[in-house]
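Observations on chain architecture
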Amino acid sequence: MGVRNGQQFIDGLKANPREVWINGERIEDVTTHPAFSRIVRQLARLYDAQVDPATRDTLTYEVPETGQRAGMAFMPAKTAEDLRRRRDAFYHWASMNFGLMGRSPDFLNVSLLAFAEAREVFGRGGQRYADNIVNYYEYVRDNDLFLSHALITPQNDRTKSSAEQKNLHMRVVKETDSGIYVQGARMVATLGAVADEMLMYCLPGIPESDADHALSFAVKVSDPGVRQICREPYTLDGQRSDFDHPLSNNFEENDSLLIFDNVFVPWERVFMYRDVALNNALYTETALRNYTAHQTNTRALVKMQFAVGVAMAVARSIGADKFLHVQRMLGEALNGVVPQERSGAFGGGMRAHVIRHRAARAAAASGASHLPSDSLSEGGGNHPDRGCRRVHDDALGRGFHCARTFRGHQPLLQGCRRDVFARPGTAVQARLGSFRRGVRHPAASVRALLCRRPGSDHRFELPPGAGRRDDAAGERGAGAGRRSRARTQASF
Ligand SMILES: Cc1cc2nc3c(=O)[nH]c(=O)nc-3n(C[C@H](O)[C@H](O)[C@H](O)COP(=O)(O)OP(=O)(O)OC[C@H]3O[C@@H](n4cnc5c(N)ncnc54)[C@H](O)[C@@H]3O)c2cc1C
């Protein structure tokens, strides 16, 4: 099939009804329910970009074995140039949502690639598991499927092993010639309600007594017995104003409790079976952490740039950027996220760290495949994510700290859009209005930062109809509605 566009992604969700519960009700169609429809559209935008001639080559590659195109996250990195291409793809997709989508499809695509490349590790349990993981990788790649995952057991009693907590944690309950049956709960499936499939595996640290829980397999989200109970969403009725909630309205990734109710999994979809030792080796003996850290930290860089952009816009909007101490704070925040072309040093900038320097070195040092491992681990002990997390926490923290500091008491004073525009004309309302134009749309605030980068073309578009209700309800007169709509669209 090759890469999908957004409509094909949505059609796939509609064609595979799933059991999803929210607020005590079963959702008929996740593509239209207000709690999910916005994020479905955002995901569709990502898929659309894969077939857009302008971004196709950044986001996809031609699979040599099939001649079809596939998402760049599936591409094994054979050279340092491949690493760069993968990073550019992660960066582009993340830029389409300001780095706010932590579980865009590329996250688990890179996990699956790591598993497929480590087929011999899975093969320790038997050759068929090695074959299964490779076949599944090819199936997901060639059909461009969206995976979610649920690694964690529910938090009821952390002093006991899973085996001691019967009938709660997900485990195998029956084995037949054709497959296995699994029963029990897992968490936390971010975007699980709108995914195509669940890739199941566990965190390391499972005790010998938990062999029934040491499984890896895949199911379709629509398989019989797969049930998801979602957390409370930010909106159940879709009536929150886009003006007041531009980010959470558009980029909420709902999480679910995943329940397997005697779910059948055919052997072809089982990758690891009752193997505690192998389960506990997955993170150290595959490139799982390397690949996920590359994607995650590239995405985090975009988010940090966004936070710093917001801080700069806030400072500018009230003239605080003229003060020396504010300039110093902004400079420190910027230092963490702008390219450090020459230094390449760890402390010299997250971007340099993730993108340029270490990736190439790690690539050269690794064996058959070029892994971004060392690129992300220096200063971070043995976890590839940890080194970057230090920079991440620092730079993101600085960005948000600046934005909070410069906004001062303003958040206390702001009403919602309706208050501000209900009776235009007073001095206070005019002041609040101008402030909000500059600042309350953080996406608009950061636009300058994103657009100023040479060659960048990252544009954010609100879905059709977004903000309509707000305009109708909050404005007096069609002119005001038109003005605000025009501003909203132009801002992004
Ligand atoms: C917004 C969000 C989205 C997420 N999305 C996903 C997702 O898409 N897929 C997914 O698989 N997971 C997801 N997670 C889950 C995430 O991986 C877990 O929250 C994380 O691994 C921690 O596990 P936990 O929440 O069960 O905490 P616990 O493991 O229960 O830990 C809680 C605290 O108890 C202590 N503790 C627990 N057990 C022990 C012990 N045996 N010995 C000593 N101390 C102990 C720890 O120190 C810790 O501080 C998500 C989480 C969040 C918050």
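Residues numbered from 1 in each chain as written. Predicted model: local features only at pLDDT ≥ 70, side-chain atom pairs only at ≥ 80, totals over all residues.

**What to know about the overall build of the chain**
Each helix and strand counted, the chain has 20 helices and 12 strands in total. Here the chain holds 492 residues, and 48% of them are scored as buried. For the chain, contacts bridging at least 24 residues in sequence account for 71% of all contacts bridging at least 6. (Helix = DSSP H or I, 4+ residues; strand = E, 2+ residues; numbered from the N terminus. Buried ≥ 20, exposed ≤ 12 C-beta atoms within 10 Å, placed from the backbone. Contact = placed C-beta atoms within 7 Å.)

**With respect to the environment of Arg398**
Mapped onto the elements, Arg398 comes out in helix 14 (residues 384–407). Residue class for Arg398 comes out buried when judged on the 22 C-beta atoms lying within 10 Å of it. Sequence separation of Arg398 and Glu332 is 66 residues, and the distance between their C-alpha atoms is 7.7 Å. Setting aside anything within four residues of it in sequence, one finds Arg398 in contact with Glu332, Ala333 and Gly336.

**Considering unusual backbone geometry**
Across the junction of Met187 and Val188, the peptide omega takes the value -20°, indicating a cis bond. Although it is not a glycine, Asn23 sits at a positive phi angle of roughly 55°. For Asn23, the position within the fold is in the loop between strand 1 (19–22) and strand 2 (25–26). A positive phi angle is found at Leu191, which is not glycine, with a value near 60°. On the secondary structure map, Leu191 appears in the loop between strand 7 (179–186) and strand 8 (197–200). Its 26 C-beta neighbours within 10 Å are what place Leu191 among the buried residues.

**Looking at the sheet that holds strand 11 (residues 256–266)**
Strand order in the open sheet formed by 6 strands is 2-1-10-11-7-6, with mixed pairing between adjacent strands. The sheet is open, and its two edges are formed by strand 2 and strand 6 (171–175), each paired on a single side. Inspection of the sheet shows strand 1 paired to strand 10 (residues 226–230) by 3 bridges, in the parallel sense. If you follow Glu19 over to strand 10, its bridge partner there is Arg227. (Pairing = 2+ DSSP bridges.)

**A look at the environment of Arg274**
One can find Arg274 in the loop between strand 12 (270–273) and helix 9 (276–285). For the pair Arg274 and Val172, spaced 102 residues apart in the sequence, the C-alpha separation amounts to 8.3 Å. When residues no more than four places from it in sequence are discounted, the contact partners of Arg274 are Val172, Ala211, Asp212 and Ala214.

**Structural notes on the nonpolar core**
Soluble globular proteins: nonpolar side chains tend toward being buried together. Residues Val40, Leu43, Leu147, Val194, Met198, Ala311 and Leu330 are the most contacted members of the largest nonpolar core, which totals 112 residues. If you tally residues by element for this core, the top one is helix 10 (residues 288–317), at 15 residues. When near neighbours in sequence (up to four residues on either side) are disregarded, Leu330 contacts Ala311, Met312, Ala315, Asp321 and Cys402. (Core = buried A, V, L, I, M, F, W, Y, C linked by C-beta atoms within 7 Å.)

**Let's talk about the sheet that holds strand 5 (residues 147–148)**
Backbone-to-backbone hydrogen bonds join strands into a sheet, with any given pair of strands oriented parallel or antiparallel. Strand order in the open sheet formed by 4 strands is 5-8-9-12, and the pairing between neighbours is mixed. Sheet topology places strand 5 and strand 12 at the edges, where each strand pairs with a single neighbour. Relative to strand 8, strand 5 is paired through 2 bridges, and the arrangement is parallel. Among the inter-strand pairings, Ser148 is bridged to a residue of strand 8, identified as Met198.

**Comments concerning the pairing of strand 7**
Where strand 6 lies against strand 7, 4 bridges are found, and the strand directions are antiparallel. Each residue of the ladder has a partner; that of Val172, found in strand 7, is Val182. Hairpin connection, strand 6 to strand 7: the antiparallel pair is bridged by 3 residues. The sheet contact formed by strand 7 and strand 11 spans 7 bridges and is antiparallel. Considered in strand 11, the bridge of Gly184 is made with Phe260.

**Focus on the confidence of the model for the chain**
Summing up the model confidence of the chain, the mean pLDDT is 79 and the portion of residues at 70 or higher is 71%. Contacts from residues 340–349, a stretch scored under 50 in pLDDT, to residues over four places away or in other chains number 17 contacts. (pLDDT = per-residue confidence, 0-100.)

**Concerning the environment of Ala163**
Turning to its location among the elements, Ala163 is positioned in the loop between strand 5 and strand 6. The residues touching Ala163, leaving out its near neighbours within four places in the chain, are Ser209, Asp210 and Asp212.

**A look at the pairing of strand 11**
Bridge analysis of strand 10 against strand 11 gives 5 bridges, and the strand direction is antiparallel. By the bridge assignment, Arg227 is partnered in strand 11 with Ile259.

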